[in-house]
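Listed here are the chains, written in short residue letters.
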Amino acid sequence: WFEGRDRNARTVKFASCMQGYEQLSSMPNVAIFQAQVEEFRRFAADGVSILNPTGDVGLAIAIGRCVAAVVYGQLVAENCHIAGVASTTVSVIFHGMIEDFSAEALKLSAMFLPDSGPESQLRKVVRIPQTSSADVAAVCDLLVSRYGK
């Protein structure tokens, strides 16, 4: 995009966001987040343009919040991999991200009639994290060892 010949933001091509999760996909919470992303992609592919989000600012914002969760998850996953973050810490981080994405998907789904196509698709985005108490304890121990009581 920064090349002299291409100044149109609409022609920029991005790699699949799923690549960012590949290195961590063996971790349950990362895999759950990936599943959420896949379900949201299905929702988007099946007709976000039909919903006319440009005509409804609230809908556009709600969709944007879900997209933001996806790209933030990609950024976190890529940086966790690069930094060699412990799996227990990654698990706890993605626990919160699963909850956040689920909450945003629920808010978006509330904009549609119950049992409508979009609402049913968004219901599939909602997931429950699988974080063990051992993971939480390990992260607590790490924080205490770094920053004291």
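Residues numbered from 1 in each chain as written. Predicted model: local features only at pLDDT ≥ 70, side-chain atom pairs only at ≥ 80, totals over all residues. Heavy atoms only, no water.

## A look at helix H6 (residues 133-147)
- For H6, which comprises 15 residues, the first-to-last C-alpha distance of 21 Å matches the rise-based estimate of 21 Å (1.5 Å per residue) to within 8%.
- Just downstream of H6, Gly148 is the residue with a positive phi angle, here 80°. (Helix = DSSP H or I, 4+ residues; strand = E, 2+ residues; numbered from the N terminus. Expected span 1.5 Å × (residues − 1).)

## Overview of unusual backbone geometry
- Notably, Asp115 is not glycine yet its phi reads approximately 65°, a positive angle.
- Within the secondary structure, Asp115 is located in the loop between helix H4 (87-109) and helix H5 (117-123).
- By relative accessible area, which is 63% here, Asp115 ends up exposed. (Buried < 20%, exposed > 50% of the residue type's maximum accessible area, 1.4 Å probe, protein only.)

## Observations regarding the nonpolar core
- Counting residues in each nonpolar core, the largest one holds 30 residues, and the members touching the most others are Tyr21, Phe33, Val37, Phe40, Phe94, Phe101 and Leu108.
- Put simply, the parts of the chain that give this core at least two residues each are helix H1 (28-45), helix H3 (57-83) and H4.
- Other than its neighbours up to four places away in sequence, Phe101 contacts Phe33, Gln36, Val37, Phe40, Cys66, Ala69, Val70 and Val125. (Core = buried A, V, L, I, M, F, W, Y, C linked by side-chain atoms within 4.5 Å. Contact = heavy atoms within 4.5 Å.)

## Notes on the environment of Ala68
- Summarising the element assignment, Ala68 is placed in helix H3.
- Ala68 gets classed as partly exposed once you look at its relative accessible area, which sits at 38%.
- The sequence separation of Ala68 and Phe101 amounts to 33 residues, and the corresponding C-alpha distance is 9.2 Å.

## Examining the pattern of salt bridges
- In total, this model carries 7 salt bridges according to the counting rule given.
- The salt bridge involving Arg127 is made with Glu39; its shortest N-O contact spans 4.0 Å. Of this pair, Arg127 sits in the loop between H5 and H6 while Glu39 sits in helix H1, and the two are 88 residues apart along the sequence.
- The class for Glu39 is buried, based on a relative accessible area of 15%.
- Across the salt bridge formed by Glu119 and Arg123, the nearest N and O atoms sit 2.6 Å from each other. Here Glu119 and its partner Arg123 are both found in helix H5, 4 residues apart, which amounts to about one turn of the helix.
- One network of salt bridges, in which partners are shared, links Glu39, Arg42 and Arg127. (Salt bridge = Lys/Arg side-chain N within 4 Å of Asp/Glu carboxyl O.)

## Digging into the confidence of the model for the protein chain
- With 85% of its residues at a pLDDT of 70 or more, the protein chain shows a mean pLDDT of 88.
- Per-element confidence in the protein chain ranges from a low mean pLDDT of 64 for helix H2 (residues 48-51) to a high of 97 for H4. (pLDDT = per-residue confidence, 0-100.)

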